[in-house]
Amino acid sequence: MGKEEDNLPEEYKILLKKVEAIEKALGLHKIDEIFEDQVESSEDISVESITEEALQIQTRSEIMINPKAYLKLAKHSLTYANKGIPKSEWVEIIGLLTGKIRHEDTPLEQVYVEDYWPVDQGDAVSVEIVDQRIFTEIFNKKDNEHFIIGWAHSHPSYTPFLSGDDFQTHRRYQTFWNKSIALVIDPLMIAPDNYGVGVFRIHRDRKNYYELSCEIKGMSSEACFESINMFMKNKLNKD
Ligand SMILES: [Zn+2]
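Small disclaimer: the values here were computed from a predicted structure and weren't measured.

Here we take up the environment of Lys179. By secondary structure assignment, the location of Lys179 is in the loop between helix 7 (164–176) and strand 5 (181–185). The exposure class of Lys179 is buried, given its relative accessible area of 11%. For the pair Lys179 and Glu104, spaced 75 residues apart in sequence, the C-alpha separation works out to 9.5 Å. With near-sequence residues (within four places) excluded, Lys179 lies in contact with Ile101, Glu104, Asp105, Glu109, Ile149 and Arg201.

Rendered as structure tokens:
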């Protein structure tokens with residue numbers, strides 16, 4: 001582990017330090033403890049069973065989000081935009097998503113979002129968060145099981161979509177890896193029947209974008225809402 005870290009580019013080490021500091025400040029590391037037991041064993045599908053499985057493709061979401069990743073993102077975004085703060089002071093947050101892709105280039109293809117790494121918060125976060133070279137390097141590290149599969153940011157109270165800037169940013173990410181995803185969360189939209197997220201990709205024509213189907217793996221929107229509500233109650237009482 002130590003040796004691998006030594007080989008990382010300097011900018012990436014700085015990024016990891018920043019992520020660590022934000023996670024610590026927001027208590028996001030505690031989410032790990034809650035979900036440690038829930039790490040799913042991957043049911044591998046053999047090549048022979050693909051045809052049969054493909055028949056059920058309608059019921060499969062293109063994006064599967066680990067609840068741990070979702071809750072970290074929701075809590076990061078709610079920390080900087082919630083009903084306890086005047087709306088004029090709400091700011092966006094931004095972070096990276098790591099995960100894996102399964103059954104790539106088959107009808108069963110699914111992107112698994114395994115973790116969220118908070119990177120920054122403030123006005124106009126929709127800019128390149130990291131030097132392009134680093135992304136190229138990380139995207140090419142396909143031998144590791146998990147790699148950077150996209151980025152996430154928040155739209156407090158103005159719904160998940162890609163703005164003009166978001167579109168430009170994501171188009172660049174997709175030139176590094178064309179399966180890369182852009183996840184947008186509106187933390188004020190989170191409700192018992194709504195995760196408040198949208199996952200997007202730029203169309204092949206590079207002029208339009210589309211939304212991908214997604215679900216939080218094994219956690220209902222009610223349960224997510226409940227957990228987030230508890231976090232917010234504690235937070236508002238503390239502040
Ligand atoms: Zn945006």
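Now, onward.
Any two side chains of opposite charge can pair, given that their charged atoms come close. Under the criterion given, the structure shown has 6 salt bridges. Notably, a salt bridge pairs Lys72 with Asp115, separated by 3.0 Å at the nearest N-O pair. Highlighted residues: Lys72 in helix 5 (residues 67–79) and Asp115 in strand 3 (residues 110–122), separated in sequence by 43 residues. Taking the shortest distance from any N to any O, the salt bridge between Lys179 and Glu104 comes out at 3.6 Å. Here Glu104 lies in the loop between strand 2 (92–102) and strand 3 and Lys179 lies in the loop between helix 7 and strand 5, a separation of 75 residues in the sequence. On the accessibility criterion, Glu104 (34% relative accessible area) is partly exposed.

What follows covers the coordination of the zinc ion. Around the zinc ion, the protein supplies His153 (NE2), His155 (NE2), Asp166 (OD) and Asp166 (OD) as donor atoms, at distances of 2.0 to 2.7 Å. Metal-centred angles of 53 to 156 degrees between the 4 donor atoms at the zinc ion mark the site as irregular. Each donor residue of the zinc ion lies on the same chain, and together they follow the pattern H-x1-H-x10-D. Here His155, found in the loop between strand 4 (147–154) and helix 7, pairs with Asp166, found in helix 7; they are 11 residues apart in sequence, far enough to count as distant. For His155, a relative accessible area of 2% translates into the label buried.

With that settled, the discussion passes to the confidence of the model for the protein. Put simply, the protein has an average pLDDT of 80, and 74% of its residues get 70 or more. At the level of individual helices and strands, the protein shows its lowest average pLDDT in helix 1 (residues 2–6), which scores 50, and its highest in strand 6 (residues 197–202), which scores 98. Across residues 36–43, confidence stays below pLDDT 50; counting only partners more than four residues off in sequence or on other chains, it has 9 contacts.

A few words on the nonpolar core. Soluble globular proteins tend to bury their nonpolar side chains together. Residues Tyr70 and Ile181 are the most contacted members of the largest nonpolar core, which totals 36 residues. Excluding residues that lie within four positions of it along the chain, Tyr70 makes contacts with Ile65, Ile185, Ile190, Tyr195, Val197, Ile216, Cys224 and Ile228. Counting residues in hydrophobic clusters, the runner-up holds 14 residues, among them Ile94, Trp151, Tyr173 and Phe200.

Thresholds applied
Residues numbered from 1 in each chain as written. Predicted model: local features only at pLDDT ≥ 70, side-chain atom pairs only at ≥ 80, totals over all residues. Heavy atoms only, no water. Helix = DSSP H or I, 4+ residues; strand = E, 2+ residues; numbered from the N terminus. Buried < 20%, exposed > 50% of the residue type's maximum accessible area, 1.4 Å probe, protein only. Contact = heavy atoms within 4.5 Å. Salt bridge = Lys/Arg side-chain N within 4 Å of Asp/Glu carboxyl O. Donors = N, O, S within 2.8 Å, 3.2 Å for Na, K, Ca; no water. Tetrahedral: all angles 85-135°; square planar, octahedral: opposite > 155°, others 65-115°. pLDDT = per-residue confidence, 0-100. Core = buried A, V, L, I, M, F, W, Y, C linked by side-chain atoms within 4.5 Å.

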